Amino acid sequence: MYGEILSKISKLYPENEREILERAFYFAKEAHDGQKRASGEEYFTHPVAVATILVGLGMDYQTVSASFLHDVIEDTPVSESDIRDNFGDEILQLVLGVTKLDKIEFKSREEEQAENFKKIFVSMAKDIRVIIIKLADRLHNMRSLNYLSHERQQRMAHETLDIYAPLAGRLGISQIKCELEDLCLKYTDPEYYEYLSVNINDKIHERREFVDFVVNELKKILKDSNIEGDVFGRPKHFYSIYKKMTRQGKSLDQIYDLTAVRVIVSTVDECYELLGKIHKEWKPIPGRIKDYIAMPKENLYQSLHTTVVTSVGKIFEIQIRTKEMNHTAEFGIAAHWKYKENKESSDAFDKRLSWIREVMEWQGGLSNSTEFIESLKGEVYSTEVLVFTPKGEVISLIKDATPIDFAYRIHTEVGNKCVGAKVNGKMVPITTTLNVGDVVEIVTSKLSKGPSWDWLRIAKSPGTRAKIKAFFKKAMQADNEKLGKSMLEAEAKNRGYNFGDLLNPVSFERVSQRLSFSTYEEMYAAVGCGAVSVNQVLLKLIDFYRKETPVPEKIAETKYKKSTEHAGGVKIKGFDNFLVRFAGCCSPVPGDDIIGYVSRGRGVTVHRRDCPNMRNEDPARFLEAEWAGFTGSYNVSIRVIGGESTPVLVYVSNACTSLGLFIASVNGRIDSKNHQSIVDFTIRLNKKEDVEALFTKVKQNKDIIDIYRPQT
């Protein structure tokens, strides 16, 4: 089952790297043993699929090893120290970079999403391989999205379109970007996707003869010019066609460039020579010639694009590039690891990372993670406007950018000292909208006291606005430090701790690994200005303190009163006042045999006693628990298996109707290998006896193979 990835590793990596990769493979396989995905497959198929994508991109052994391990800390009993001891700190840091935050209670799912993504981005600024693992992880999750509920499909598809696909594009990894966008379209607009998948294939089939004609003509031009090269037609991906149709109000018949013809040659000179000869053969359409070789996109994409008309009036697009340009266009920043010994590749790699460093420079000026994500969307979505410095350097700006955006793009201090601007040699207001090809010069003054608050309204780039905010935040640094420290001390006292006991160089290092603080003062100021919350810092410090200072068993007797019934319907024998939460993995319901598990910083988590996730946990952390006076309705997950044509939904629906139960969600699939239908339900129950009653009624149908409560 897993032989293919091991075979690829054996062929592509030297022996010393192969040994670590194989060790990571078997370590993760054992850690995930017994876990299942929503599809019913072994969970380990997911890390293997992610690793396969990364091997295909040519990533180094550390990245691929981390991809095997990327879920073990989050989803298994494996600890950080286990990873460090077995694979070293570099691989551990990559794993931590893609591990979700699980120690903080968030006000909303949106806040949690924003905070988790900000954490990934901070880790990515330290090591870009973090986001490449995350993109591969998201790509495989999108490939298997059909097994999730409709609500989760929509949420993941929109999140992917908002963040991950644009990021893949910004990093130049078009291979992943295009597939992510097409997979998202399948769920965000399924009717349009179905229409395109049927009709585009028909259109391309109709145009195949014409495309073959164009390819053959271009091969003749290459031969007559003594230029060696490859020519081929490449269908454009669905999402790019979808955007063109919806934005421009065009029908599929009005989209002429369903297929682009690409020519790959050896040198830049040959690219330009071929462009001239193509224009001699066919008439170019004005305004449709784009030179991305002389002026690369910000993700360093390079190519010549031209749209021409043949003698019979048909329009098509031709792309001309070198082999290196083509590789960079497909693999983007991931190409660095294949050619990392090449200085030119390393220089391009550093340049490609410059915008990430710039984002991390201005993110400290934002008040919270949600604002950071909204600003980041503006950066990765931005339509490029290319303008020039007086020395001829090309500067890429966001659409509708102003001289203020240009000034801060050059350097933060240039922006802070800006007092005026010239565009094409003439003085202009700083509110002027810049156009493609403008030559912009910023007038600065050492006497300038800094930006004005009005500039926040004038600036178009989220990065520019964040830098302006950062200027004002820095001006209030001392006040923010004092306020932040007092807030942390007060909340620590409120939770029964002395803040001085919690904060030391080792615990601070743990916090800074997640939140990228350089000094205590920077941490205090971030809390004081609201850039991070008190709990984000304090809960990490408390968690570390508890790990390093184990609580003796008897201390519980002094901290908690002897038991009464818990308001949530569960009694923890011997204690009350515990924060009780129910485990999502086994979803215990009244009547189940249950046990409490003490989670650091999260109170007591109630599991079913037979929950497989509890098998390897520390017995000292278990507390006896029992149901006590649970009232109200609650949800339970059940899985029903029938024959391939069994009307499972009808049977369960009829049973629920007769029992007065409500079906909250349904998600089904066909297991063609075993000729079975598998349907997952979430049922809202009124009392504990409803579970057995429902099972009994459904089992009365003879073609029901099995019904049970799954454990994830």
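Here the structure is a predicted model, which is why all the values come from computation and not from measurement. Residues take numbers from 1 onward in each chain, read along the sequence in its written order. Where totals are concerned, whole chains, interfaces and linings use all residues; where local detail is concerned, this predicted model gives features only for residues with pLDDT of at least 70, and gives and counts side-chain atom pairs only at 80 or more. Side-chain measures were taken over the full set of non-hydrogen atoms in the model, leaving aside hydrogen atoms and water.

### Some remarks on the packing of helix α2 (residues 15-31) against helix α6 (residues 80-87)
Taken N-terminus to C-terminus, the directions of α2 and α6 make an angle of 150°; their axes are 11 Å apart at the nearest point. With respect to their mutual orientation, α2 and α6 come out roughly antiparallel. Crossing angle aside, the handedness with which α2 passes α6 is right-handed. Contacts from I20, R23, A24 and F27 of α2 reach α6 at D82, I83, N86 and F87. Amino acids outside the nonpolar list (Ala, Val, Leu, Ile, Met, Phe, Trp, Tyr, Cys, Pro) and the charged list (Asp, Glu, Lys, Arg) are all regarded as polar, and Gly is one of them. Here the contact of α2 with α6 is built from residues that sort into 5 nonpolar, 1 polar and 2 charged. Working convention: axes come from line fits to C-alpha atoms, limited for helices to the stretch in contact. Angles between N-to-C directions cover 0 to 180 degrees. Helix and strand definitions here come from DSSP, where helices need a minimum of 4 consecutive H or I residues and strands a minimum of 2 consecutive E residues; each element is numbered from the N-terminal end. With respect to orientation, any angle under 35 degrees is reported as roughly parallel, any angle over 145 as roughly antiparallel, any angle of 65 to 115 as roughly perpendicular, and every other angle as oblique. Put simply, a crossing is left-handed when the front helix is turned counterclockwise from the back one by less than a right angle, and right-handed when it is turned clockwise. In what follows, residue pairs with any heavy atoms lying within 4.5 Å of each other are defined as contacts.

### Focus: the pattern of salt bridges
Within this document, salt bridges are pairs made up of a side-chain nitrogen of Lys or Arg and a carboxyl oxygen of Asp or Glu, the two lying within 4 Å of each other. By the definition in use, this model includes 18 salt bridges. With a closest N to O distance of 2.8 Å, D60 and R129 form a salt bridge. With D60 in the loop between α3 (45-56) and α4 (61-69) and R129 in helix α9 (residues 129-143), this pair connects stretches of sequence that are 69 residues apart. The buried label goes to any residue with under 20% of its type's maximum accessible area, the exposed label to any with over 50%, and the partly exposed label to all in between, with areas taken from a 1.4 Å probe on protein chains only. We classify R129 as buried; its relative accessible area is 7%. Between D89 and R84 there is a salt bridge, and its shortest N-O distance comes to 3.4 Å. Three or more residues joined by partner-sharing salt bridges are found here, namely D60, E90 and R129.

### Details of helix α1 (residues 3-12)
Considered for burial, the residues of α1 that qualify are I5, L6 and I9. Mapping the buried residues of α1 onto a view down its axis gives an arc of 100°, with all of them on the same face. Among the exposed residues of α1, those pointing more than 90 degrees away from its buried face are E4 and K11. Taken together, the buried residues of α1 touch α2, α3 and α4. This arc is taken over the directions from the axis of the helix to the C-beta atoms.

### Structural notes on the sheet that holds strand β9 (residues 418-423)
In this analysis, strands are considered paired if DSSP registers two or more bridges between them. One open sheet accounts for 3 strands, arranged β10-β9-β11; its pairing is antiparallel. Every interior strand has two partners, whereas the edge strands, β10 (426-428) and β11 (440-444), have only one. With direction set aside, neighbouring strand axes in the sheet form an average angle of 35°. Sheet topology places β9 next to β10; 3 bridges connect them, and they run antiparallel. Residue K422 lies in a different strand from β10, and its bridge partner there is M427. With respect to the sheet, helix α18 (residues 403-410) is in contact with β9, β10 and β11, its orientation differing from that of β11 by roughly 80°.

### Comments concerning the side chain of T402
Here T402 shows up in the loop between β8 (394-398) and α18. Take T402: its relative accessible area is 1%, and that puts it in the buried class. Dropping the residues within four chain positions of it, T402 is found in contact with I430, T431, T432, L434, I458, A459 and K460.

### Things to note about a negative patch on the surface
For patches, a residue must show more than 30% relative accessible area and have no salt bridge; joins then use 9 Å for like charges and 5 Å for nonpolar side chains, namely Val, Leu, Ile, Met, Phe, Trp and Tyr. The Shrake-Rupley method, run with a 1.4 Å probe sphere, supplies the accessible areas, and residue values consider only the shown protein chains as cover. Note on charges: Lys and Arg go in the positive column, Asp and Glu in the negative column, and His and the chain ends are not counted at all. Charge positions come from single atoms, namely NZ of Lys, CZ of Arg, CG of Asp or CD of Glu. On the surface, E30, D33, E41 and E42 cluster together into a patch of negative charge. Within the secondary structure layout, E30 lies in helix α2. Take E30: its relative accessible area is 65%, and that puts it in the exposed class.

### As for the side chain of T389
The residue T389 is located in the loop between β7 (384-388) and β8 in this model. With residues up to four places along the chain from it excluded, the contact list for T389 reads I395, F406, I410, V439 and V440.

### Focus: the packing of aromatic side chains
Stacked, edge-to-face and tilted are the three classes for Phe, Tyr and Trp ring pairs, Trp counted by its six-membered ring, which pair at centre distances within 6.5 Å; planes under 30 degrees apart are stacked, over 60 edge-to-face, the rest tilted. The final tally for this structure, using the stated rule, is 14 aromatic pairs. Relative to F44, the ring of F25 lies with its centre 5.1 Å away and its plane at 70°, an arrangement referred to as edge-to-face. Placement of the pair is F25 in helix α2 and F44 in the loop between α2 and α3, with a sequence separation of 19 residues. Summarising the aromatic geometry, the rings of Y192 and Y242 are spaced 4.9 Å apart at their centres and angled 90° between planes, so their arrangement reads as edge-to-face.

### Remarks on the confidence of the model for the protein
Atom-level detail of predicted coordinates should not be read off regions where pLDDT is low. Per-residue pLDDT for the protein averages 80, and the proportion of residues at 70 or more is 81%. pLDDT expresses how confident the predictor is about each individual residue, on a scale running from 0 to 100. Note that residues 101-108 has pLDDT below 50 and, in this model, 18 contacts with residues that lie over four places away or in other chains. Below pLDDT 50 for its whole length, residues 339-344 participates in 4 contacts with residues either more than four positions away or in separate chains.

### Some details on the environment of I221
With respect to the element layout, I221 can be found in helix α12 (residues 190-224). On the accessibility criterion, I221 (11% relative accessible area) is buried. Between the C-alpha atoms of I221 and E281, which are 60 residues apart in sequence, the distance is 9.0 Å. With sequence-adjacent residues up to four places away left out, I221 is seen in contact with L274, K277, I278 and E281.

### Some points on the pairing of strand β19 (residues 676-685)
With 9 of 10 residues buried, β19 is to be regarded as a mostly interior element. Pairing geometry for strand β18 (residues 662-671) and β19, over 9 bridges, is antiparallel. The residue bridging V666 from the neighbouring strand is F681, located in β19. Hairpin connection, β18 to β19: the antiparallel pair is bridged by 4 residues, and H675 has positive phi, about 55°.

### Some words on α4
With 9 of 9 residues buried, α4 lies mostly within the body of the structure. Where α4 is concerned, the buried positions are Y61, Q62, T63, V64, S65, A66, S67, F68 and L69.

### A look at unusual backbone geometry
At N424, a position not held by glycine, the phi torsion is positive, near 55°. Structurally, the position occupied by N424 is in the loop between β9 and β10. Overall, N424 belongs to the partly exposed group, its relative accessible area being 46%. The phi angle at H675 is positive, at roughly 55°, despite the residue not being glycine.

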